[in-house]
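Chain and residue survey
As a plain string of letters, each chain reads:
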Amino acid sequence: MEKIVLAYSGGLDTTCIIPWLKEKYGARVVAFCALLGESEDTEALRERARKAGADEFYFRDLTGEFINDYAFPALRAGAVYEDSYLLATALARPLIASWQVRIAGETGADAVAHGCTGKGNDQVRFEVTTGALDSSLKVLAPLRNWELTSREEELEYLRERGLSIDDRGGGKYSIDRNLWGISVECGELEDPWREPPRDSYIIVTPVEETPDEPQEVTLLFRNGNPAALDGEELEGPELVRRLNTIAGAHGVGRVDMVENRVVGIKSREVYESPAATVLFSALRALESIVLEKELVLNKRKLAIEYGRLVYEGKWFSPLREAIQNFSDTSAERLTGEVRVKLFKGRAVVTGRRSPRSAYVEELATYTEKDVFSHDAAEGFIELWGLPLRTWGGGKDDS
Ligand code: ARG
């Protein structure tokens, strides 16, 4: 190993990894820090990495790429894991890993490293992505096999090397955060019977504390992509940022679930993704007036597969890409507006319209404007029910 590109967060684990890699392999370490919509003090990160011994430091603001090329495609596909998780963390990993691979190429590195533990999904996502993009790179996961077993030991390890860093992590929970959503786990949440404590709320307000007046937002979609909020055209990240604030204040977007991890463990997770939650409901409402019946049905089935692939680290896979193509083709007509009412933790669609709508009021109506062919219904039912009439026929054959 000559040079290693480390996915660096600035936290205690990845800071410790820098000297550890250098000592263990005698390699040069490139610390790579990705921004996914949260503000970061770049200079403080650079300084921290340098102090820990990083030979090079790379910083990339990937917020736009994350929202436009990962989050929105997953939205168009309707991807959800186990009915609830909107995949914010899972979508971020392949993006970060793809940039690690890229930077490895640019800096002539022969290995990449990450700070994930051996029990989670993130290690799988990082490593499967790296393998899919450049199988010649070695992947190192120090947390899986180093001798440091607690935060205290990690701090001591740094102290022995003359490095004292403020342990700004080490909170009650393990939190992963980006603009699409926040994942909260560990601590008191490990007891699935226990209600998530007040301090596990980050950008979503507990329903008990939300306003007593509802708020309505109007979303415009173009080809399945969010394009405007309340009549104002916005870039993806800005739209998501504003919608997070508005919906989060009404308690929308909290999920409390026990999920099945790739490695076989069941784990209790709390998620916050207010904007994504509203956008998912709104896009479904738009689909309901635009898409043809069979298309919706099959899109739903494929969305389950797509969600599972993303969760399991297979973003860069032929199946995910094929389902993406299917979803994107069906999303071509998804242009229109949806009105959503936010109130006490719920996002309720109150209106939808589209220039591509397939909803025909003259067919649906029960008034005199009706043009539906009632005679045809009679013949239709005659044939539709034929198999069941010949099967049972009302005869008692017991
Ligand atoms: N269980 C979620 C997932 O697999 C969240 C992982 C959160 N990661 C973290 N480092 N806290 O996507």
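Shown above is the structure to which this text applies.
Residues numbered from 1 in each chain as written. Predicted model: local features only at pLDDT ≥ 70, side-chain atom pairs only at ≥ 80, totals over all residues. Heavy atoms only, no water.

**Describing the nonpolar core**
Condition: Among buried residues, the Ala, Val, Leu, Ile, Met, Phe, Trp, Tyr and Cys ones that are joined through side-chain atoms within 4.5 Å form a nonpolar core. For the exposure calls, accessible area comes from a 1.4 Å probe over protein chains only, and a residue counts as buried if that area is under 20% of its type's maximum, exposed if over 50%, partly exposed in between. Residue contacts follow a heavy-atom distance rule, with two residues in contact if any of their heavy atoms lie within 4.5 Å.
Of all hydrophobic cores here, the largest spans 76 residues; its most connected members are Phe66, Leu87, Trp180, Leu219, Leu243 and Leu279. Ignoring anything within four residues of it in the chain, the contact list for Leu219 reads Ala228, Leu229, Leu239, Leu243, Val278, Leu279, Ala282, Gly336, Glu337, Val338 and Val340. Judged by nonpolar contacts, the second largest core, of 29 residues, contains Leu21, Val29, Ala54 and Leu140.

**Looking at the site of the ligand**
Keep this limit in mind: One heavy atom suffices: a residue is near a molecule or strand as soon as one of its heavy atoms comes within 4 Å of it. Here a polar contact means two N or O atoms within 3.5 Å. Within protein one must be a hydrogen donor candidate and the other an acceptor candidate, and residues neighboring in sequence count only if both atoms are side-chain atoms. Here the open area of atoms and residues is found with the Shrake-Rupley method and a 1.4 Å probe, where only the protein chains shown may cover a residue. Every helix listed is a DSSP run of H or I at least four residues long, and every strand listed is a run of E at least two residues long, numbered separately from the N terminus. Residue polarity follows a fixed list, in which Ala, Val, Leu, Ile, Met, Phe, Trp, Tyr, Cys and Pro are nonpolar, Asp, Glu, Lys and Arg are charged, and the others, Gly among them, are polar.
Around the ligand, the surrounding shell holds 13 residues, and the nearest of these are Tyr85, Asn121, Arg125, Ser174 and Glu259. One nitrogen or oxygen atom from the side chain of Glu269 is found 3.1 Å from a nitrogen atom belonging to the ligand. Alone, the ligand offers 340 Å² of accessible surface; in the complex the protein occludes 89% of this. For the shell around the ligand, the elements supplying multiple residues, two or more each, are α5 (122-133), β6 (174-178), β7 (181-185) and β12 (266-272). Considering only residue class, the shell around the ligand consists of 3 nonpolar, 4 polar and 6 charged.

**Digging into the pairing of strand β1 (residues 3-7)**
The side chains of a regular strand alternate between both faces of the sheet. For the record, the criterion: Strand pairing is assigned whenever DSSP identifies at least 2 bridges connecting the two strands. Place the viewer so that the strands point away; then a crossover is right-handed whenever the path from the first strand over the helix to the second strand goes clockwise.
Most of β1 is tucked away, with 5 of its 5 residues classed as buried. Examined bridge by bridge, β1 and strand β2 (residues 28-35) share 5 bridges and lie parallel to one another. When the sheet's bridge partners are listed, Leu6 is paired in β2 with Ala31. Assessed by its sense of winding, the connection that carries the chain from β1 through helix α1 (residues 12-25) to β2 is right-handed. Sheet topology places β1 next to strand β4 (residues 111-113); 3 bridges connect them, and they run parallel. The partner of Val5 across the bridge, within β4, is Val112.

**Remarks on the packing of helix α4 (residues 88-107) against α5**
As a reminder, the rule being used: Lines fitted to the C-alpha atoms define the axes, with helices restricted to the stretch that makes contact. Angles between their N-to-C directions range from 0 to 180 degrees. When an angle is under 35 degrees it counts as roughly parallel; over 145 it counts as roughly antiparallel; between 65 and 115 it counts as roughly perpendicular; any other value is oblique. Left-handed describes a crossing whose near helix is turned anticlockwise from the far helix through less than a right angle; right-handed describes the clockwise counterpart.
Interaxial distance between α4 and α5 falls to 9 Å at its minimum, and their mutual angle equals 40°. Between α4 and α5, the interaxial angle falls into the category oblique. Of the two elements, α4 crosses α5, and the hand of that crossing is right-handed. Taking contact as the criterion, the partners of Thr89, Ala90, Arg93, Pro94, Ile96, Ala97, Ser98, Gln100 and Val101 in α4 are, on α5, Asp122, Arg125, Phe126, Thr129, Thr130 and Leu133. When its residues are assigned to classes, the contact of α4 with α5 shows 7 nonpolar, 5 polar and 3 charged.

**What about the pairing of strand β8 (residues 215-222)?**
Across 7 bridges, the pairing between β8 and strand β13 (residues 336-343) is antiparallel. The partner of Phe221 across the bridge, within β13, is Gly336. Relative to strand β9 (residues 225-229), β8 runs antiparallel, the two sharing 4 bridges. For Leu220, the partnering residue across the bridge sits in β9 and is Ala228.

**With respect to the sheet that holds β12**
Within the open sheet, the 4 strands sit side by side as β6-β7-β12-β11. Their pairing is antiparallel. The open sheet is flanked by β6 and β11 (254-260), the only strands paired with a single partner. Averaged over all pairs of adjacent strands, the angle between strand axes in this sheet comes to 20°, irrespective of strand direction. The strands touched by α4 within the sheet are β6 and β7, with β6 carrying the most contacts at an inclination of about 70°.

**Section: the state of the cysteines**
Selection criterion: Note on terminology: disulfide denotes any pair of cysteine sulfur atoms within 2.5 Å.
Under the counting rule described, the total for this entry stands at 0 disulfides. Its sulfur unpaired, Cys16 is 16 Å from the next cysteine sulfur, which belongs to Cys116. As a non-bridged cysteine, Cys186 has Cys116 as the owner of its nearest cysteine sulfur, 13 Å distant.

**Considerations on helix α7 (residues 151-160)**
As a reminder of what qualifies: Starting at the helix axis, one direction is taken to each C-beta atom, and the arc is that of these directions.
Within α7, the full set of buried residues consists of Glu154, Leu155, Tyr157 and Leu158. End-on, the buried residues of α7 take up no more than an arc of 155°, which puts them together on one face. Residues of α7 that are exposed and point more than 90 degrees away from the buried face comprise Glu152 and Glu160. Among the structural elements, α1 are those in contact with the buried residues of α7. Two residues or fewer past α7, Gly162 is found with a positive phi of approximately 75°.

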